[in-house]
Amino acid sequence: MGIQKVGIIGAGTMGNGIAQACAVVGLQVVMVDISEAAVQKGIANVAGSLDRLIKKDKIKPADKDAALARIAGSTDYAALKSADIVIEAATENFDLKVKILKQIDALVGAETIIASNTSSISITKLAAVVSHPQRFIGMHFFNPVPLMALVEIIRGLQTGDAAHAAVEAFAKELGKTPITVKNAPGFVVNRILVPMINEAFFVLGEGLATPEEIDNGMKLGCNHPIGPLALADMIGLDVCLSVMEVYYEEFADSKYRPCPLLKEMVAAGYLGRKSGRGVYTY
């Protein structure tokens, strides 16, 4: 018996995206957040995303209704008890994730897989806070989850073969292409991507070119679909900064020093699309 019911902690951008990806392939989902308003906003975002797919003739209205019927929302962690896998998709903060994982661990059975959607935090360190750490694994989805094909599956030092095989099969059931990587800060994709974004902020801060010229240079010169500064706005400048801070601390290497301009913009609240202003204004 494979994974049939999925628990998700966090109804934000990543959490509701994962919920949608699961629900459209027929899996039951329970999405937990700290307030009923956050849960309902997450479900509304799924509905809006599905409406856009209807307009593009990717799905039928009946498909939307069926998918939404498979998603339950809750503010109570007890709703996770019957899940086959629980995916933590909270803010990229180690202490917060540890607190959440301990709550999950106290509720679910020993066979329930616990996964983290972290983009940079050590899976080995997170696994150490749960009982039965052999069932703990990293499952890093990419934004927007319903559209992005890749899932990084990260094995911590403790991760067992059974958990890895189950999560790999689960990712494929979602229509994703999984790649398995060893535990290291940033794993593979963000290890390459975020330092590139950080370097784009250095280029911007040194006045070598305008934001538009930097982004056009990378789109036209390197065949990137979106420039690094526009991508930073999409990801969130605060997220980019927190990832670079993890690299700087974990690798103890000055090449991962966060750009002062990036730090200054985050301090100003210029976080990108989600705040209405980042490198660009929205």
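Computed from a predicted structure; not experimentally measured.

### Topic: the overall build of the chain
Along its length, the chain carries eleven helices and eight strands. Taken over the C-alpha trace, the chain has a radius of gyration of 19 Å; the compact-globule value for 282 residues is 19 Å, and the two agree within 12%. Each principal axis of the C-alpha atoms in the chain carries an extent, and together these give about 55 × 45 × 35 Å. Buried positions account for 48% of the 282 residues belonging to the chain. In the chain, the share of contacts with a sequence separation of at least 24, taken over all contacts with a separation of at least 6, comes to 66%. Taking the average location of the 27 positive side-chain charges in the chain and that of its 29 negative ones, the two points are 3 Å from each other.

### Observations regarding the UniProt feature "binding site: CoA" (unreviewed entry) in the chain
UniProt records the feature "binding site: CoA" (unreviewed entry) at S49, K56 and S119, using the numbering of this structure. These annotated residues cover 71 residues of sequence, and their C-alpha atoms reach 30.1 Å apart at the extreme, placing them across more than a single site. The subset of the named residues that lines the second largest pocket consists of S49 and K56. Those residues in contact with S119, other than ones at most four positions away along the chain, are E92, H140, G186, F187, N190 and V243.

### Re helix α11 (residues 260-267)
Note on helix geometry: an α-helix contains 3.6 residues per turn, so any two residues three or four positions apart are oriented the same way. Within α11, the full set of buried residues consists of L262, M265 and V266. An end-on view of α11 places all buried positions within 100° of arc, on one side of the element. Across from the buried face of α11, at angles greater than 90 degrees, the exposed residues are E264 and A267. Buried positions along α11 lie against α7 (189-205) and α10 (237-251). Looking one or two places after α11, you find G269, whose phi comes out positive at around 85°.

### Re the packing of aromatic side chains
Taken as a whole and assessed by the stated rule, the structure comprises three aromatic pairs. Considering the side-chain rings of Y247 and Y256, the 5.6 Å spacing of their centres and the 75° angle between planes classify their relative orientation as edge-to-face. The pair Y247 / Y256 is uniform in exposure class, with both members buried. Here the aromatic rings of F251 and Y256 are separated by 5.0 Å at their centres, their planes lie at 25°, and the arrangement is stacked. Through pairs of rings, three or more aromatic residues link up here, namely Y247, F251 and Y256. Positioned over the ring face of F94 is K125, at 4.8 Å from the centre of the ring. Stacked on the ring of Y270, the Lys or Arg R277 has its end atom at 4.0 Å from the ring centre.

### Section: the environment of G272
As for its placement among the helices and strands, G272 is situated in the segment after α11. The spatial distance from the C-alpha of G272 to the C-alpha of F187 is 24 Å, given a sequence separation of 85 residues. Leave out the neighbours within four places in its chain, and G272 touches D233, L237, R277, G278 and Y282.

### Here we look at α10
An ideal rise of 1.5 Å per residue puts 21 Å on 15 residues; α10 measures up with 21 Å between its terminal C-alpha atoms. Taken as a whole, α10 has its buried residues at L237, C240, L241, S242, V243, M244, V246 and Y247. Where α10 is buried, its residues touch α7, α9 (228-235) and α11. Immediately downstream of α10, the backbone of A252 shows phi near 50°, a positive value.

So, how was this worked out
- Residues numbered from 1 in each chain as written.
- Predicted model: local features only at pLDDT ≥ 70, side-chain atom pairs only at ≥ 80, totals over all residues.
- Heavy atoms only, no water.
- Helix = DSSP H or I, 4+ residues; strand = E, 2+ residues; numbered from the N terminus.
- Rg over C-alpha atoms; globule rule 2.2 N^0.38 Å.
- Buried < 20%, exposed > 50% of the residue type's maximum accessible area, 1.4 Å probe, protein only.
- Contact = heavy atoms within 4.5 Å.
- Lys, Arg positive; Asp, Glu negative; His and termini not counted.
- Charge placed at Lys NZ, Arg CZ, Asp CG, Glu CD.
- UniProt positions renumbered as here; feature names shortened; annotations may be inferred.
- 1 Å grid on protein atoms, 1.4 Å probe; cavity = no way out; pocket = protein on both sides within 12 Å on 5 of 7 lines; lining within 4 Å.
- Arc of directions from axis to C-beta.
- Phe/Tyr/Trp six-rings, centres within 6.5 Å; stacked < 30°, edge-to-face > 60°.
- Lys NZ or Arg CZ within 6 Å of the ring centre and 35° of its normal.
- Expected span 1.5 Å × (residues − 1).

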